[in-house]
Amino acid sequence: MRRNLQSRSHHAVVIGGSIAGLCAARVLSDHFDRVTIYERDELPDEPVNRSAIPQGLHVHLLMARGAQELESVFPGLLADMVDAGVPVIENRPESIHFSAAGHVLGTGQQMLGEFTAYVPSRGHLEWQIRNRVLSIPNVSVARQVVSQPRFDPATRSVTGVVLDDGETVAADLVVEASGRGSRLPVWLEEWGFGRPREDQIQVGVTYASQRVHIPEGLIAEKMVVCGAALDRPRGMGMLFHEDGIWIVTAFGVAKTEPPRDFAGICALAETLLPPHISAALRAGDPVGKMNFHRYPTRKWRRYDKMAELPSGIIPFGDAVASLNPTFGQGVTMAALQANNLRAVLDDGTDNLVARLAKATARTTLPVWLMNAVADIEEHGAQGPRPWWYGPLFGLFKQFVGAAETDPVLAEWFLRRTSLLDSLWVVPPPRLVGRAIRNNVRLWRAERQRMHTGGSAAAHSAVVPAAERTEPTLSTPAE
Ligand SMILES: Cc1cc2nc3c(=O)[nH]c(=O)nc-3n(C[C@H](O)[C@H](O)[C@H](O)COP(=O)(O)OP(=O)(O)OC[C@H]3O[C@@H](n4cnc5c(N)ncnc54)[C@H](O)[C@@H]3O)c2cc1C
């Protein structure tokens, strides 16, 4: 449905044909006569990763919320992925191993609310989305580099793009979705708007990844996530994909180096993961070579804070905010932004750029802050440290410690880290009470164990089934 467009050619251009650009193009196709995506990379017509996307060679998680948001942009996507063999996780405790801040959450305990996650490889996910976008009649994709947007100083607006062969293409709206290396801040400065403020946190993450064939039947899990902790600056992720191969990533935070070879990954797994998973990994056969990737700094360009922005260009996806990859949120944020774009366009094109910048900031803020607290307090990252980060992280540690043996708390936590529920909602007093009671039980059990010198097991601290009540589901994350 096209609304409120008084523009000249009704043509929108998208710079970059990765996930953010594809999501934007899908939304724009309902509002513009024509949408052209310019992508510098070759776009394969098979479900494989492409060279411009190095992250596709590493663990690349699709959050449960991201799957929901993508489905709302591309109805039928999830069913098609399942038909193509993409593994699904549904309320199945044996399907996930998840550890955060040194605590394994709700091991083996059934989840009480609805939790569904999908585990496509990055190449497969992008291919599914790309096929859908390319089948939209008014969307086309051209393999070409955009040199820069065309700016008209008289109207202080962007009126198209200049391609690397010198051709100029007119457009009513340009979406800048060229990723974290976006040059929009430079162009804005050249055009006299100044640069946006850039919030940064030096996370010093290095990935080392290996695809592995693990004999069938050794692991029931399809997703293994073990975050780094303060006293343990390495973590791991393992995802089982549609091609029957595991992608296994070991990572270091705060400039800690991950292992350099498969033997090193297996040795790290023995210190971080349950024995059945590390043994299965050791029994596996590496497929192809190891891949490495450095991600030094997470960035948020605050276009929402600029006094003035040119009309005719909107920054999108990682070009606005590039988050710590170990949290696996980038695709979810791009899909959320696409739904913001739809809402903003539905309200008309007046002041579109500023309205979208504000909506994007509202969506990004809670995620940026949650990650910042964890990065600064737990992962040794360098960046601004407001006084309240420490106390907040202290409470978080208490909560996540109690969640280890309490499925209700574990689920509350998992739904938030999956962005299914709003990060702004603090735990209700009922859950805080559970966390305190549970931690007191754990503390008593530990004291008893020390006094008896035996193993008055932490089992005695597991919350009895009768106390497992339905968690309150709160509003989705913005
Ligand atoms: C190591 C790593 C791990 C990650 N892990 C996860 C994860 O587990 N889960 C998750 O959700 N997210 C993850 N992310 C982030 C996620 O991949 C991105 O958020 C997602 O790809 C959306 O990014 P984007 O489309 O904005 O940019 P990108 O994916 O970077 O794509 C930008 C595109 O623009 C093209 N381009 C650039 N310049 C031009 C130009 N001048 N002309 C034409 N084309 C151009 C590029 O070729 C590229 O295709 C990870 C990122 C990294 C780096």
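Residues numbered from 1 in each chain as written. Predicted model: local features only at pLDDT ≥ 70, side-chain atom pairs only at ≥ 80, totals over all residues. Heavy atoms only, no water.

Engineer: Got a minute to help me understand the sheet that holds strand S14 (residues 234–240) in this structure?
Structural biologist: The pairing of strands in a sheet happens through backbone hydrogen bonds and is either parallel or antiparallel. Strand order across the open sheet formed by eight strands is S5-S4-S13-S14-S15-S12-S16-S18, with mixed pairing between neighbours. In this open sheet, the two strands that pair with only one neighbour each are strand S5 (103–104) and strand S18 (321–322). As paired strands, strand S13 (residues 223–226) and S14 are joined by four bridges and run antiparallel to one another. The residue of S14 that forms the bridge with Val-224 is Met-238. Sheet contacts for helix H9 (residues 352–378): strand S12 (197–213), strand S16 (285–302) and S18; angle to S16, the most-contacted strand, approximately 115 degrees. (Pairing = 2+ DSSP bridges. Helix = DSSP H or I, 4+ residues; strand = E, 2+ residues; numbered from the N terminus. Contact = heavy atoms within 4.5 Å. Axes fitted to C-alpha atoms, helices over the stretch in contact; angles between N-to-C directions.)

Engineer: Explanation requested: the packing of aromatic side chains in the structure shown.
Structural biologist: Aromatic ring pairs are reported here in terms of the distance separating the ring centres and the angle at which the planes meet. Summed over all chains, the structure comprises ten aromatic pairs. Measuring from ring centre to ring centre gives 4.8 Å for Phe-151 and Trp-191, while their planes differ by 10 degrees; the resulting arrangement is stacked. Highlighted residues: Phe-151 in strand S8 (residues 146–152) and Trp-191 in the loop between helix H5 (184–190) and S12, separated in sequence by 40 residues. This pair shows no difference in class: Phe-151 is buried, exactly as Trp-191 is. (Phe/Tyr/Trp six-rings, centres within 6.5 Å; stacked < 30°, edge-to-face > 60°. Buried < 20%, exposed > 50% of the residue type's maximum accessible area, 1.4 Å probe, protein only.)

Engineer: Help me understand the site of the ligand, please; the structure alone is not making it clear to me.
Structural biologist: Lining the immediate environment of the ligand, one finds 31 residues, of which Ser-18, Glu-39, Leu-61, Arg-122 and Asp-318 sit closest. At a separation of 3.2 Å, a nitrogen atom of the ligand approaches a polar backbone atom of Arg-40. Within the backbone of Gly-330, one N or O atom sits 3.1 Å away from an oxygen atom of the ligand. Breaking the shell around the ligand down by element, the ones donating at least two residues are helix H1 (19–28), strand S2 (34–39) and helix H8 (330–346). The residue makeup of the shell around the ligand, split by class, is 14 nonpolar, twelve polar and five charged. (Near = heavy atom within 4 Å. Polar contact = N/O pair within 3.5 Å; in protein donor to acceptor, adjacent residues only side chain to side chain. Nonpolar A, V, L, I, M, F, W, Y, C, P; charged D, E, K, R; others polar.)

Engineer: Can you walk me through a nonpolar patch on the surface in this structure?
Structural biologist: A cluster of nonpolar residues, Trp-387, Trp-388, Leu-392 and Leu-395, forms a patch on the protein surface that exposes about 500 Å² of accessible area. Tracing the backbone through its elements, the reader meets Trp-387 in the loop between H9 and helix H10 (389–403). (Patch = residues over 30% accessible without salt bridge, like charges linked within 9 Å, V, L, I, M, F, W, Y side chains within 5 Å. Areas by Shrake-Rupley, 256 points an atom, 1.4 Å probe, with all protein chains shown as cover. Salt bridge = Lys/Arg side-chain N within 4 Å of Asp/Glu carboxyl O.)

Engineer: Explain the environment of Gly-237 to me, please; I cannot follow it from the model alone.
Structural biologist: Positionally, Gly-237 belongs in strand S14. Judged by its relative accessible area of 7%, Gly-237 is buried. The spatial distance from the C-alpha of Gly-237 to the C-alpha of His-11 is 42 Å, given a sequence separation of 226 residues. Each residue touching Gly-237, except ones within four places of it in the same chain, is listed here: Val-59, Val-224, Ile-247, Val-248 and Thr-249.

Engineer: It is not clear to me how empty space enclosed by the protein should be interpreted in this structure. Could you clarify?
Structural biologist: Summary: where empty space remains is shown by rolling a probe the size of a single water molecule over the atoms. The tally for this structure, following the rule as stated, stands at four cavities of 30 Å³ or more. By volume, the largest cavity is sized at about 100 Å³. Lining the largest cavity we find Gly-317, Asp-318, Ala-321, Leu-323, Gly-330, Met-333, Ala-334, Gln-337, Thr-360, Thr-363 and Thr-364. Counting only elements with at least two residues in the lining of the largest cavity, the list comes to H8 and H9. Counting residues per element, the lining of the largest cavity draws most heavily on H8, at four residues. (1 Å grid on protein atoms, 1.4 Å probe; cavity = no way out; pocket = protein on both sides within 12 Å on 5 of 7 lines; lining within 4 Å. Points joined across faces, edges and corners; volume = space filled by probe spheres on them.)

Engineer: What am I meant to see in unusual backbone geometry here?
Structural biologist: For residues other than glycine, phi is negative in most cases, and the peptide bonds are mostly trans. Even without being glycine, Ala-254 reaches a positive phi, approximately 50 degrees. Assignment of secondary structure puts Ala-254 in the loop between strand S15 (246–252) and helix H6 (262–272). Take Ala-254: its relative accessible area is 32%, and that puts it in the partly exposed class. Residue Asn-351 is not a glycine yet carries a positive backbone phi of 55 degrees. Along the chain, the position of Asn-351 falls in the loop between H8 and H9. Taking relative accessible area as the criterion, Asn-351 reaches 54% and is therefore assigned exposed.

Engineer: Can you walk me through helix H11 (residues 407–417) in this structure?
Structural biologist: Think of an α-helix as 3.6 residues a turn; residues three or four steps apart then line up on the same face. Burial analysis of H11 places eleven of its eleven residues in the buried class, the great majority of the element. Taken residue by residue, H11 has Pro-407, Val-408, Leu-409, Ala-410, Glu-411, Trp-412, Phe-413, Leu-414, Arg-415, Arg-416 and Thr-417 as its buried positions. If you follow the buried residues of H11, they end up packed against strand S4 (96–100), H10 and helix H12 (429–452). Between the side-chain oxygen at the start of H11 and the backbone nitrogen of Val-408 there is a gap of 2.9 Å, and the oxygen is on Asp-406. Just downstream of H11, Leu-419 is the residue with a positive phi angle, here 65 degrees.

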